Amino acid sequence: GRLGAAPYGNPRVEASVRARDLRFLRLDLGEASADVSYGAAGGFTLRAGRIEGRRGETRYGGEIAVDLGASPPSLSGGRFQAVGRLRDLFEGAMPWIPEARWARDALDAPVEAESRVEGPSDRVGATFTASLGSGQLLGRPFDGGRAAGRIEEGRRVPYLLAAMPAG
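The text that follows walks through the structure, step by step, so that each part is easy to find. (Residues numbered from 1 in each chain as written. Predicted model: local features only at pLDDT ≥ 70, side-chain atom pairs only at ≥ 80, totals over all residues. Heavy atoms only, no water.)

The next thing to look at is the overall build of the protein chain. In terms of regular secondary structure, the protein chain is built from 2 helices and 11 strands. From first element to last, N terminus to C terminus, the protein chain shows the α and β order β-β-β-β-β-α-α-β-β-β-β-β-β. Across the 167 residues of the protein chain, 34% fall into the buried class. Counting only contacts in the protein chain whose residues sit at least 6 apart along the sequence, the fraction spanning at least 24 positions is 43%. As displayed, the protein chain has an accessible area near 10,300 Å², and 53% of this comes from carbon and sulfur atoms. (Helix = DSSP H or I, 4+ residues; strand = E, 2+ residues; numbered from the N terminus. Buried < 20%, exposed > 50% of the residue type's maximum accessible area, 1.4 Å probe, protein only. Contact = heavy atoms within 4.5 Å. Areas by Shrake-Rupley, 256 points an atom, 1.4 Å probe, with all protein chains shown as cover.)

In structure tokens, the structure reads:
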């Protein structure tokens, strides 16, 4: 159902926020700042824009909208970019997808990644692409590579990884 109306109508809120140890949808996002707006003509939608964050060595940015009037809340327009290390991305996802621990332990490299996120919060979907620099896969060096994948219904992660062997 929809949220009930406040006695004086839905308020309009605009703010710039900063957070440390940020957790959102079971993701460990580290430190982040954003411009946030809610309500009035936007209904029960919370919008976060100009998101800038850091987790470990990785910096990220993006935007997202969350319809708090939907049950469960629904995400839309989520677009994010990250530059840093794969290890940080895997560790950030581990509270949500514990299996990311296996990838964190098997693979590390510098990364530039992009993702899109949308859907109900209990079944969120995401797609991602990543370019990898020189790294290691199961203890063996590689010169670089590309990865792409998707998260289906908030839990399945079909992906494709192409790594270029070293030397």
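Let us look at the pattern of salt bridges. Here the structure, examined in full by the defined rule, presents 12 salt bridges. Here Arg85 ties to Asp108 by a salt bridge, and the two come within 3.0 Å at their closest N and O atoms. One end of the pair, Arg85, is in strand E5 (residues 74-85); the other, Asp108, is in strand E6 (residues 107-108), and 23 residues separate them in sequence. Salt-bridge contacts for Arg87 lead to Glu91; the nearest nitrogen and oxygen are separated by 3.1 Å. On the criterion of helical spacing, the pair formed by Arg87 and Glu91 is a turn pair, its members being 4 residues apart in helix H1 (residues 86-93). Classification of Glu91 as partly exposed rests on a relative accessible area of 22%. Through salt bridges with shared partners, a single ionic network connects Arg23, Asp28, Arg55, Arg87, Glu91, Arg104 and Asp105. (Salt bridge = Lys/Arg side-chain N within 4 Å of Asp/Glu carboxyl O.)

Relative to the helices and strands, Arg140 is located in strand E10 (residues 140-151). Taking the C-alpha atoms as reference points, Arg140 and Leu107, 33 residues apart in sequence, are found 9.3 Å from one another.

Further remarks concern the nonpolar core. Counting residues in each nonpolar core, the largest one holds 16 residues, and the members touching the most others are Ile51, Ile64, Leu75 and Val117. Of all elements in the fold, only strand E2 (27-39), strand E3 (45-55), strand E4 (58-67) and E5 reach the threshold of two or more residues within this core. (Core = buried A, V, L, I, M, F, W, Y, C linked by side-chain atoms within 4.5 Å.)

With that settled, the discussion passes to unusual backbone geometry. Cis geometry is adopted by the peptide bond preceding Pro72, which originates at Ser71 and carries an omega value of 0°. Its identity as a non-glycine residue notwithstanding, Asp21 has a phi of 55°, on the positive side. Among the structural elements, Asp21 can be located in strand E1 (residues 12-24). Within the chain, Leu138 stands out as a residue other than glycine whose phi angle is a positive 55°. Looking at the element boundaries, Leu138 is found in the loop between strand E9 (135-137) and E10. We classify Leu138 as exposed; its relative accessible area is 68%.

Moving on to the pairing of E3. Bridge count between E2 and E3: 7 bridges; the pairing is antiparallel. For Glu31, the partnering residue across the bridge sits in E3 and is Arg54. Summarising the sheet, E3 and E4 pair through 9 bridges and their orientation is antiparallel. Paired with Glu52 across the strands is Gly61, a residue of E4. (Pairing = 2+ DSSP bridges.)

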